[in-house]
Amino acid sequence: MGMKTPLVTEIAPDTYAINEFGMNAMFLCVGKERALLIDTGTGLCDLKGLVASLTELPYDVVLTHGHVDHAGGMDQFETVYIHEADMQRAKDLTYEERRHYAGSLHSMDKDGAFEVDPGQVRRWQNIPEMKPVSEGDVFDLGGRQLEVFFMPGHTAGSITLLDRKNRIHFSGDACNINTLCLDRPVAELKHTAERIKAMEDLFDQDFNGHLGYAGMPLITSQPKSVRDDVIAACEKALAGEEAEDVVFLGRPAKAMNSGRCRIVYRAESL
Ligand SMILES: [Zn+2]
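An account of the accompanying structure is given in this report. Because the structure is a prediction, the values reported are computed rather than measured. (Residues numbered from 1 in each chain as written. Predicted model: local features only at pLDDT ≥ 70, side-chain atom pairs only at ≥ 80, totals over all residues.)

### A word on the overall build of the chain
So, step 1. Scanning the chain from terminus to terminus reveals 6 helices and 16 strands.
So, step 2. Expected size for 270 residues packed as a compact globule is a radius of gyration near 18 Å; at 17 Å, the chain falls within 12% of this value.
So, step 3. For the C-alpha atoms alone, the extent of the chain along its principal axes is close to 50 × 40 × 35 Å.
So, step 4. Counting the 270 residues in the chain, one finds 47% classified as buried. (Helix = DSSP H or I, 4+ residues; strand = E, 2+ residues; numbered from the N terminus. Rg over C-alpha atoms; globule rule 2.2 N^0.38 Å. Buried ≥ 20, exposed ≤ 12 C-beta atoms within 10 Å, placed from the backbone.)

### Describing the sheet that holds strand β15 (residues 251–258)
Each strand in a sheet pairs with its neighbour through backbone hydrogen bonds, running either in the same direction (parallel) or in the opposite one (antiparallel).
So, step 1. Strand order in the open sheet formed by 4 strands is β12-β16-β15-β14, and the pairing between neighbours is mixed. On the outer flanks of this sheet lie β12 (178–181) and β14 (244–248), each paired with one strand and no other. Along the sheet, successive strands turn relative to each other by an average axial angle of 30°, direction set aside.
So, step 2. Judged from the 5 bridges that link them, β14 and β15 form a sheet pairing that is antiparallel. Across the sheet, the residue bridging to Val247 is Pro252, located in β15.
So, step 3. Its contacts with the sheet place helix α6 (residues 225–238) against β12, β15 and β16 (261–265), and it is angled at close to 45° to β16. (Pairing = 2+ DSSP bridges. Axes fitted to C-alpha atoms, helices over the stretch in contact; angles between N-to-C directions. Contact = placed C-beta atoms within 7 Å.)

### Topic: the pairing of strand β4 (residues 35–38)
So, step 1. On β4, burial covers both faces: Ala35 and Leu37 on one face and Leu36 and Ile38 on the other are all buried.
So, step 2. Pairing geometry for strand β3 (residues 25–30) and β4, over 4 bridges, is antiparallel. Residue pairing across strands places Val30 opposite Ala35, the latter belonging to β4.
So, step 3. Taking the residues between adjacent antiparallel strands as the criterion, β3 and β4 are bridged by 4 residues.
So, step 4. Two strands pair when backbone bridges link them, and β4 and strand β5 (residues 59–62) are joined in this way by 4 bridges, in the parallel orientation.

### What about the packing of helix α5 (residues 186–198) against α6?
So, step 1. α6 packs onto α5 with a crossing angle of 155° between their chain directions and a minimal axis gap of 9 Å. Judged by the inter-axis angle, α5 sits roughly antiparallel to α6. The element α5 and its partner α6 pack so that their crossing is left-handed. Facing Val186, Ala187, Leu189, Lys190, Ala193, Glu194, Ile196 and Lys197 of α5, the residues of α6 in contact are Arg227, Val230, Ile231, Cys234, Glu235, Ala237 and Leu238.
So, step 2. Residue composition of the contact of α5 with α6, grouped by class: 10 nonpolar, no polar and 5 charged. (Parallel < 35°, antiparallel > 145°, perpendicular 65-115°, else oblique. Left-handed = near helix turned anticlockwise from the far one by under 90°. Nonpolar A, V, L, I, M, F, W, Y, C, P; charged D, E, K, R; others polar.)

Rendered as structure tokens:
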């Protein structure tokens, strides 16, 4: 018997991680006057109802990027904020892609921690209004602000969010132990990882968008070494060091390891 509902964890005061069946993590930050939902998952659960059970405050929804496992549940909301460069990608997501993603992640859950049927993926009833968000924008929740940073590499429009007061960085998929860089140059990813590293004195915790991914034990803040390892992997790729050949989304790709991390990229896009 696995878990049938998303796992909600209070990771910091008034800050919740919502683990969508080992596929990804969404975050809810609650301030004095408003709340902010970061990402919407693949769309396997009543996320709107779940948020309502955690806060009565009005809230905004922001997407760290337009991938299926972050934007897939956006139809439950009237408006979402997303970087302009990822808007079309999010709009173009299909039911089949979302269902395929849920199926492939479900198959990675070898221990059966989560009892989820890809058939639970909800069909979109509507596409929400998309509002652009970019570097320097601030979500003011009352006594708590979340500041937007433009951090492309994983996608063209990836963003991260910094809560300076509570010293928390929400990094989406911009820089983690398995950073995919399949549409953008490796040099761009390296720049992003270096920027996050340069911000390290502004946060103590760095939560990526895949806490508890496929039952993996990484359910806490990422260690500092992740930034160093991703930068080192990018440097190795840019220097032309030999990488592992892998296939990603039906196309050949390269995987470069460094420390506990790996980056996956296209050989022709350094
Ligand atoms: Zn992603």
